[in-house]
Amino acid sequence: MNIKIVFPDNNEQSFPIGMTVYDAIAAWQKDILKTAVAAKVNGVNVDLNFVLKEDSKVEPILPTSKEGLSVLRHSISHVMAQAVQDVFKGTKVTIGPSIEDGFYYDFEYAEPFTLDDFEKIEKRMWEIVAADYPFVREELTREKAVELFAEKHEDYKVEIIRDLPADVSVVSVYRDGDYVDLCRGPHIPSTGKIKAFKLLSVAGAYWRGDERNKMLQRIYGTGFADKKALEDYLNLLEEAKKRDHRRLGRELDLFQVNEEAGAGLVIFHPKGMLLRYIIEEWERKEHLKRGYDMVMGPQILKVDLWKKSGHFDHYRDNMYFTEVDEQTYGIKPMNCLSHMLIYKSKIRSYRDLPLRYFELGTVHRHEKTGVLHGLMRVRQFTQDDAHILCMPEQLNSEIRAIADFVNYAMGIFGFEYEVELSTRPEHSIGSDADWELATTALENALKDNNITYEVNEGDGAFYGPKIDFKIKDALKRKWQCATIQCDFTLPERFDLSYIGADGEKHRPVMLHRVILGAIERFMGVLIEQYAGAFPVWLAPTQCVLLTVTDKHIPYASEVHKRLLAADIRAEKYFDNEKLGYKIRQAQLQKIPYMLVIGDKEMEAGTVAPRLRDGQNLGALPVEQFIALVREMCEKKK
RNA sequence: GCCGAUGUAGCUCAGCUGGUAGAGCAACUGAUUCGUAAUCAGUAGGUCAGCGGUUCAAAUCCGCUCAUCGGCUCCA
């Protein structure tokens, strides 16, 4: 489908939908480019591009819009590639897209780029910007394009063109000045439109994302419509760093990951453990409410069982093993096996199903050193794991119930999440028919629940497809927490059965699922979500007693006892310091209530709560304060 | 595992081209008894990540290992 554009000289031309006006104009007659762009859109004053829409309207892409930023950043990445090739002769270019908060470009160059090189590259980039080269689109036949890039020894570009689908006969390249890059476009009109950018980091990245390929050097950067927006973004990054759970974990004395203990092994300090305990207690109650049975299996199981389940063949590299009395045991990387044995301990009837086994199961996985990250990626962690054994016809309602549970839990903890459906991976077990059935079951449940999701091809577990729920950390990195995995294979391998209404044996289906995922990871994201200022029901310390002078200690101690007796987590700041000092300490610890206790309170039998935001609640009788905290806990605030 | 960077007191960091370690905050002790984000003074604290090498001499140079950080691949 084509649409018409009327140019300023009343010349009418039609162009395919999706093409930008800039490209359309360039394709038509590039010498009237500037006036055309400026005059094009009903008096809307814009710097960047316009895009053609279905409804024949020409919409401007503003430099502040998502689309506009993406175009701008893509153009900046071209300028960066151009600068890198100018500064470091012999650099080969590969690909350089815009991404959520910026852009990157992957290069091949013999020497590693350093942060010091950024200055040189940025300097050259500003020169290119100052030259205000127009971005000019040009279309070439495949053959011509291969010729062009082969001549420049751009092997990666040649490979990209050669790998294009057979029906692509024409490719586009963009020129700015004497630089030319293979690119689909669109771009901004000229390099001079670039006002604000910054190169941020350099990292390794495999060519085409495959670890068997050569490792390239990726330079990350970001760009904005103006300097102010760039500064705001950089400040935001600084703020995000203050929320980093690794930093808050130390400052709030929650946990440590100690080099002496080993990489990826978390040591919970008293306050961190208290937070974890609160979450775990909440979990147990919520699971019991929903018809789950609590169970518990051993940390190590004989290796033969892991062979039977398929873990030994498919997951061995990630497992720890130990040998005792000439028996090899596998330390569990997953909790399912014990649950299978529980199911098998009796003959099961269709009347018993579904059976839902829940375990706060601690697992060990030997993760590669390079992936370890605070609480988010560790080698020992505890999942709020459950295995549901049900009849195939119960799958849909079970999956829906889990999705509801996840939604409820995320609401309680204040997270938004994204949903992905991951399908069969390269290395997997089970029949095609079962994979088909399992994938459809998951997909149908999502559709029936009106849950929007994206499909992640080939990202399933080796034993089945899965639905993943992802939440974001302070730096917007997504972390998978909840997951639902559909498994026909393990029931098969363990020969699980139930007696149906027909008196015959049938095979149950198994769902593996977690709600919060790994407690460690969930706590990591939770810490960042609240920047350490936990809601009252979660706060390891809910209130702290601040004495004005030593003579208030006896009364404050009395109040402390009453609070503890009322299940309120209270601390004592009775040291010989000024009130201001103690307020500051409590503030830094992000404690919800600071109870000031001086002469007035001692005489009246009250406490004077101060909130984290500086607000004073005035004097309250102790009982009233207790009631207040209880109410906050009940409302999960 | 791969690419790159980093590792000095509990934390944040100084320590130039090799000559034997320093600040602020925190901690501890004492004085002060004080009303909503830092009272004053003093004291103590380091096999410079570990191991090995070069050197008359290594925090500093070289190698290996461990760990951390930013990514890639992988993943809860």
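Our structure's up above, just so we're on the same page.
Here is what the cut-offs are and how they apply
Residues numbered from 1 in each chain as written. Chains lettered and ligands numbered in written order. Predicted model: local features only at pLDDT ≥ 70, side-chain atom pairs only at ≥ 80, totals over all residues. Heavy atoms only, no water. Near = heavy atom within 4 Å. Polar contact = N/O pair within 3.5 Å; in protein donor to acceptor, adjacent residues only side chain to side chain. Helix = DSSP H or I, 4+ residues; strand = E, 2+ residues; numbered from the N terminus. Nonpolar A, V, L, I, M, F, W, Y, C, P; charged D, E, K, R; others polar. 1 Å grid on protein atoms, 1.4 Å probe; cavity = no way out; pocket = protein on both sides within 12 Å on 5 of 7 lines; lining within 4 Å. Points joined across faces, edges and corners; volume = space filled by probe spheres on them. Disulfide = S-S within 2.5 Å. Buried < 20%, exposed > 50% of the residue type's maximum accessible area, 1.4 Å probe, protein only. Contact = heavy atoms within 4.5 Å. Pairing = 2+ DSSP bridges. Axes fitted to C-alpha atoms, helices over the stretch in contact; angles between N-to-C directions. Core = buried A, V, L, I, M, F, W, Y, C linked by side-chain atoms within 4.5 Å.

Colleague: Tell me about the protein's contact with RNA strand B, and please be specific about residues and values.
Modeller: Around RNA strand B lies a shell of 57 residues, among which Y206, T369, Q480, N576 and R584 are the nearest. Among all atoms of RNA strand B positioned within 4 Å of the protein, those belonging to sugar or phosphate total 48%. For RNA strand B, a base oxygen lies 3.4 Å from a polar atom in the side chain of N616. Secondary-structure elements contributing two or more residues to the surface near RNA strand B are β11 (196-206), β12 (215-224), α8 (245-251), β21 (380-390), β25 (478-487), α18 (579-588) and α19 (599-604). Of the residues in the surface near RNA strand B, the class split is 20 nonpolar, 16 polar and 21 charged.

Colleague: Outline the layout of surface pockets, supporting the account with residue identities and numerical values.
Modeller: Space inside the largest pocket adds up to approximately 1,800 Å³. For the largest pocket, the lining is made up of 49 residues, of which Y315, R365, E367, R377 and K466 are closest to its centre. Of all the secondary-structure elements, those providing two or more residues to the lining of the largest pocket are α11 (311-315), β21, β24 (466-472), β25, β28 (509-518) and α16 (519-530). In terms of residues, the lining of the largest pocket owes the most to one element, β25, which gives six residues. Lining the second largest pocket are 25 residues, with I99, S201, Y220, L475 and R477 positioned closest to its centre. Listed by contribution, the elements that provide at least two residues to the lining of the second largest pocket are β11, β12 and α7 (227-243). Broken down by element, the residue count for the lining of the second largest pocket peaks at seven residues, all from α7. Looking at the lining of the second largest pocket, its residues break down into 11 nonpolar, six polar and eight charged.

Colleague: So what about the state of the cysteines? Which residues, and what values?
Modeller: For the coordinates displayed, the defined rule picks out zero disulfides. Between C336, a free cysteine, and C486, which holds the nearest cysteine sulfur, the sulfur-to-sulfur gap is 14 Å. The thiol sulfur of C486 is not disulfide-bonded, and the nearest other cysteine sulfur, from C390, lies at 7.8 Å. Residue classification places C486 among the buried positions, given a relative accessible area of 0%.

Colleague: Explain unusual backbone geometry residue by residue, including any values.
Modeller: Here the amide bond leading from L353 into P354 is cis, since omega sits at 0°, within 30 degrees of zero. Tracing the backbone shows P354 in the loop between β19 (348-349) and β20 (355-364). The phi angle at D132 is positive, at roughly 50°, despite the residue not being glycine. One can find D132 in the loop between α4 (115-131) and β8 (136-141). For D132, a relative accessible area of 30% gives the class partly exposed.

Colleague: Which residues make up the environment of L252, and what values go with them?
Modeller: Among the structural elements, L252 can be located in the loop between α8 and β13 (255-257). For L252, a relative accessible area of 5% puts it in the buried group. Sequence spacing of L252 and L230 is 22 residues, and the spatial spacing of their C-alpha atoms is 31 Å. Setting aside residues up to four positions removed in sequence, L252 forms contacts with K271, G532, F534, L588, Q589 and K590.

Colleague: An account of the pairing of strand β7 (residues 102-108) is requested, with residue identities and associated values reported.
Modeller: Here β7 lies mainly inside the structure; six of its seven residues are buried. In this sheet, β7 lies alongside strand β5 (residues 92-93) in antiparallel orientation, the contact comprising two bridges. Considered in β7, the bridge of V93 is made with F107. Strand direction decides the pairing type here: strand β6 (residues 98-99) and β7, joined by two bridges, are antiparallel. Looking at the pairing, S98 lines up with F103 of β7.

Colleague: With reference to specific residues and values, describe the side chain of Q217.
Modeller: If you trace the backbone, Q217 turns up in strand β12. The exposure class assigned to Q217 is buried, which follows from its relative accessible area of 13%. At a separation of 3.2 Å, a polar atom in the side chain of Q217 contacts the main-chain carbonyl oxygen of Y109.

Colleague: So, the environment of W282: which residues are in play, and what are the values?
Modeller: Mapped onto the elements, W282 comes out in helix α9 (residues 270-289). It is 59 Å that separates the C-alpha atoms of W282 and E127, two residues lying 155 residues apart in sequence. Aside from chain neighbours lying at most four places away, what touches W282 is Y408, A409, I412, F413, W537 and K636.

Colleague: Tell me about the sheet that holds strand β15 (residues 293-294), residues and numbers included.
Modeller: Pairing in this open sheet of eight strands is mixed, and the strands run β15-β20-β21-β28-β25-β24-β22-β23 from one edge to the other. Looking at the sheet topology across the chains shown, the edges are occupied by β15 and β23 (454-456). With five bridges connecting them, β25 and β28 associate as antiparallel partners. Across the sheet, C486 pairs through a bridge with L511, a residue of β28. Sheet strands in contact with α16 are β20, β21, β24, β25 and β28, and its direction is about 40° off that of β28.

Colleague: Before we move on, can you summarise empty space enclosed by the protein with the specific residues and values?
Modeller: The tally for this structure, following the rule as stated, stands at two cavities of 30 Å³ or more. Empty space within the largest cavity amounts to approximately 110 Å³. Across the lining of the largest cavity, the residue classes break down as seven nonpolar, three polar and three charged. Estimated volume of the second largest cavity: approximately 40 Å³. No other element matches the three residues that helix α14 (residues 432-448) contributes to the lining of the second largest cavity.

Colleague: Lay out the sheet that holds strand β27 (residues 505-506) in plain terms, naming residues and giving numbers.
Modeller: Taken in spatial order, the three strands of this open sheet run β19-β26-β27, and their pairing is mixed. Each edge of the sheet is formed by a strand with only one pairing partner; in this case those strands are β19 and β27. Here two bridges tie strand β26 (residues 498-499) to β27, and the two strands are oriented antiparallel to one another. Residue pairing for β27: Y498 is matched across the bridge by H506.

Colleague: Can you break down the nonpolar core residue by residue, with the values?
Modeller: Within the largest apolar cluster, 62 residues are counted, with the highest numbers of intra-cluster contacts made by L395, I399, F413, I467, F522 and L538. For this core, the leading source of residues is helix α13 (residues 395-413), giving nine residues. If we skip the residues at most four places from it in the chain, L538 touches L275, I278, I279, F413, L526, Y530 and R569.

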